[in-house]
Structures are given as structure tokens and as C-alpha cells.
Amino acid sequence: MADLHSPILSWYAENARDLPWRRPDATPWGILVSEIMLQQTPVVRVLPIWLEWMERWPTPKDLAAQPSGEAVRHWGRLGYPRRALRLHACATAITEEHGGEVPSDHATLLALPGIGEYTAAAVASFAFAGRHAVLDTNVRRVFARAVRAEEYPPTATSAIERRLAESLLPEVGAPTWGVAVMELGALVCTARAPRCADCPIADRCAWRLAGKPPHAGPARKGQTYEGTDRQCRGRLLAVLRNAHGPVPKEALDVVWDDAVQRERALDGLVADGLTEVLDDGTYRLPG
DNA sequence: GAGGCGTGGCA
DNA sequence: TTGCCAAGCCT
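Keep in mind it's a predicted model, so treat the numbers as computed, not measured. (Residues numbered from 1 in each chain as written. Chains lettered and ligands numbered in written order. Predicted model: local features only at pLDDT ≥ 70, side-chain atom pairs only at ≥ 80, totals over all residues. Heavy atoms only, no water.)

**What about the UniProt feature "domain: HhH-GPD" (unreviewed entry) in chain A?**
The condition that has to hold: UniProt positions are given in the numbering used here, feature names are shortened, and annotations may be inferred rather than shown by experiment. Per the convention used, a helix needs a DSSP run of H or I reaching at least four residues, while a strand needs a run of E reaching at least two, with both numbered from the N terminus.
If you check UniProt for "domain: HhH-GPD" (unreviewed entry), the listed places come out as residues 37-187 in our numbering. The annotated region residues 37-187 carries 61% helix and 0% strand content, and the separation between its end C-alpha atoms amounts to 19 Å.

Dropping the structure here:
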């Protein structure tokens, strides 16, 4: 395989976006928050929320001092609000068990709520200059195409992908390499309409050289949303976010017609810790 | 390992 | 218009 490092690193030096969590003054906490917010969520939607969080809660201790419901409220419409809850739990664990400092060790990060394999590697790498393979959807797609001549990576991350990513990890400069490949996947080697004309490794991309064969395996399942419990939960939680105190149940009833589904969704929100029922039967974000 | 979990923009 | 997709994690 022809070398990928030089062209990708050169491309990144010229084309990297100026994102606040990539600047030299970004703290490990800021980087951790950005990684959680960016899970399944585009940069443009994360930016304003991240800036607000950093001003409001510049350290883990600041967030831990607030009720978890405040994290959910200021999550806004980022989606997957359980992430806000887990970030709050993260802040509490960091404050109580790690002296208020974000851990630098991959295994310790992995043990924190809401932090999985990818996020642990990303924080250890980007915040602490650790040498870890960061395998997110962008990196997996770039390698699937450039090396394996496949349009898309498999559904679940495989051992083969991990070995490949680790074998490509430079001895020096692993963090920049990781973010560079991610950026290439995000801006050029995109899922739907890759901009091969702008790609620094187009001349050696196995998938392009093979004539860009379309994805062969089983169709990748798309997720429906209209009419699901998820949509219902989103509407219910939006009511609680926008209220500044407890709301009567009637205020929730009006946002979803199907009573059976509505009750199920509401019970789910309570079970997940995203909603609290008070003694008088009103609802609010966790206080 | 498959399914659940929000939201909005774009091809 | 409507699926598809976006720096995943947890059960």
C-alpha cells in the first residue's frame, strides 16, 4: 500500500477547520465535552452549545455542583439527551474520584459514564497526546475505501479494522494523524457524495482505483423516526426543558395523541433519570 | 450482536 | 419528498 501519511497530513495542515476544542487553549474537560456532544451530532449544531457550556461550566466541578436536570436543560436540542445525563455523571465522578482533573489514561477514561472505546481514545489522544487509534465512523470509512476497496466499513468495528488502524499509527504525532484522518472523512471522503477530486490520496485509493464498486453486503438499515417512542420522548422532554418549573401532566398530554405510547415514553424518561415526578403529580427535569 | 436512543439538514 | 446520515454508547 502506498504511503497515506504525508498527503493526508499535508492536506490537513491546509484544510483543517478552526474548531474551538482544537485550539491550544482548549482544556481536557472542554475536549471531553466536545467529544460527547459530537457523538452522532454534526459540528454546526454542537458549536453554540459547547461555547455556552464552557462559559457556564468551565470545569467538571462547576457542572457537578448543579443538578443533573440543568445539564439536560442546557443540552437544548442536540439530541440523545442521555448524553447530558452521562456528562453530568462524568463531571461528578471526575470531581469525587479524580481530584477534579480529567484522567489521561485510556482505561480510566473508559470506566467513566458515557465514554466508550472511541471517546476514551479521542480524549487520551487529543487532550493528552496519547498514542491511540481513534476509530470513529469517518476514520473507518476512509480506511475501508483507501485500503480495503469497500464503499462502507462493516456495521460493527472489527478486529481487522483495529489492527489496520494500529498498524498505521505513527510513532510520533499520533494525535494529529488521528484528527487529520477524521477531518478527511468529514470533509472529503464523505458517506454519500465523496469529493474524490479534492482528495489528497485519490491516486492511491483502493476503492477509487477499483472503480468505486457500490456497497455489496446487506442493505444498511435506516432508522425510522416518525411516530416512534423516540419522537414522543423528544416532544415530552422539550416541554420540560422549556418550562422553568414543574409542569402539570396535562401540559404533557397535549403534545402526543396516543395515550398508551405517551405513558410508555414518559415512564421511560422517568426510568432513565431524564424526568422526575413530584408528590403532587407534576413533572420536571431532575432537580 | 442487534436494537434503542433525538434532531435537523441535505441529496 | 423522504430516506440517509452525523466525532457512539449501553443493554
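**Regarding the protein's contact with DNA strand B**
To be explicit about the condition: Only a single heavy atom is needed: when it lies within 4 Å of a molecule or strand, its residue is near that molecule or strand. Two N or O atoms form a polar contact when they lie within 3.5 Å of each other; inside protein one atom must be a possible hydrogen donor and the other a possible acceptor, and for residues adjacent in sequence the pair counts only when both atoms belong to side chains.
In the vicinity of DNA strand B lie 17 residues, with Arg-77, Tyr-80, Pro-81, Arg-233 and Gly-234 positioned nearest. Per the 4 Å cut-off to the protein, sugar and phosphate atoms form 56% of the nearby atoms of DNA strand B. At 3.3 Å, a backbone N or O of Gln-40 approaches a base nitrogen of DNA strand B. Note that a sugar or linking oxygen of DNA strand B is positioned 2.9 Å from one of the backbone N or O atoms of Tyr-80.

**Topic: helix H8 (residues 117-126)**
Stated formally: Relative accessibility decides the category of a residue: with a 1.4 Å probe and only protein chains considered, values under 20% of the type maximum give buried, values over 50% give exposed, and everything between is partly exposed. What makes two residues a contact is simply this: any of their non-hydrogen atoms within 4.5 Å.
Counting buried residues in H8 gives eight out of ten residues, a clear majority hidden from the surface. The set of residues buried in H8 consists of Tyr-118, Thr-119, Ala-120, Ala-121, Ala-122, Val-123, Ala-124 and Ser-125. Contacts made by the buried residues of H8 are with helix H2 (28-38), helix H7 (106-110) and helix H11 (174-187).

**Here's the deal with the pattern of salt bridges**
We apply this condition: Think of a salt bridge as a Lys or Arg side-chain nitrogen and an Asp or Glu carboxyl oxygen that are within 4 Å of each other.
Counted according to the given criterion, the structure contains 16 salt bridges. With its nearest N and O atoms 2.6 Å apart, the salt bridge here joins Glu-183 to Arg-22. In this pair, Glu-183 is assigned in helix H11 and Arg-22 in the loop between helix H1 (5-15) and H2, connecting sequence segments 161 residues apart. The class of Glu-183 is buried, set by a relative accessible area of 1%. Between Arg-140 and Glu-161 there is a salt bridge whose closest N-O contact spans 2.8 Å.

**Brief notes about the protein's contact with DNA strand C**
Selection rule: Gly is placed with the polar residues, together with every amino acid not listed as nonpolar (Ala, Val, Leu, Ile, Met, Phe, Trp, Tyr, Cys and Pro) or charged (Asp, Glu, Lys and Arg).
Near DNA strand C you find 29 residues, and of these Leu-38, Thr-119, Asn-138, Arg-141 and Arg-220 are the closest. The sugar-phosphate share of atoms of DNA strand C within 4 Å of the protein amounts to 65%. Separating a base nitrogen of DNA strand C from a side-chain N or O atom of Trp-21 is a distance of 2.8 Å. Between a phosphate oxygen of DNA strand C and a main-chain N or O atom of Thr-137, the distance comes to 3.4 Å. Mapped onto the surface near DNA strand C, the elements with two or more residues apiece are H2, H8, helix H9 (137-146) and H11. Here the residues of the surface near DNA strand C are counted per class, giving eleven nonpolar, nine polar and nine charged.

**Description of the nonpolar core**
To be explicit about the condition: Nine residue types can take part in a nonpolar core, namely buried Ala, Val, Leu, Ile, Met, Phe, Trp, Tyr and Cys, and a core is a set of them joined through side-chain atoms within 4.5 Å. Domain start and stop points were drawn from an automatic or database domain assignment.
Within the largest apolar cluster, 49 residues are counted, with the highest numbers of intra-cluster contacts made by Trp-29, Met-37, Trp-53 and Leu-87. There are two domains that each give this core at least three residues, and those are domain 1 (27-126) and domain 2 (229-284). Aside from chain neighbours lying at most four places away, what touches Trp-29 is Met-54, Trp-57, Pro-58, Thr-59, Pro-60, Leu-63, Leu-87, Ala-91, Ile-94 and Val-102. Judged by nonpolar contacts, the second largest core, of 29 residues, contains Tyr-118, Ala-146, Val-181 and Ile-201.

**Description of the packing of aromatic side chains**
Formally: To pair, rings of Phe, Tyr and Trp, with the six-membered ring standing in for Trp, must have centres within 6.5 Å; the planes then decide the type, stacked if under 30 degrees apart, edge-to-face if over 60, and tilted in the middle. Distance and angle both matter: a charge sits over a ring if NZ of Lys or CZ of Arg is within 6 Å of the ring centre and within 35 degrees of the ring normal.
One pass over the full model with this rule turns up three aromatic pairs. Ring plane angle 75° and centroid distance 5.4 Å describe the contact between Trp-21 and Trp-50, whose orientation is recorded as edge-to-face. With Trp-21 in the loop between H1 and H2 and Trp-50 in helix H3 (residues 43-56), this residue pair connects regions lying 29 residues apart in the sequence. In this pair, the class of Trp-21 matches that of Trp-50, namely buried. Measuring from ring centre to ring centre gives 4.8 Å for Trp-53 and Trp-57, while their planes differ by 90°; the resulting arrangement is edge-to-face. For Trp-53, a relative accessible area of 0% translates into the label buried. Aromatic ring contacts, followed pair by pair, group Trp-53, Trp-57 and Trp-75 into a single cluster. Sitting over the ring of Trp-57, Arg-56 keeps its end group 5.8 Å from the ring centre.

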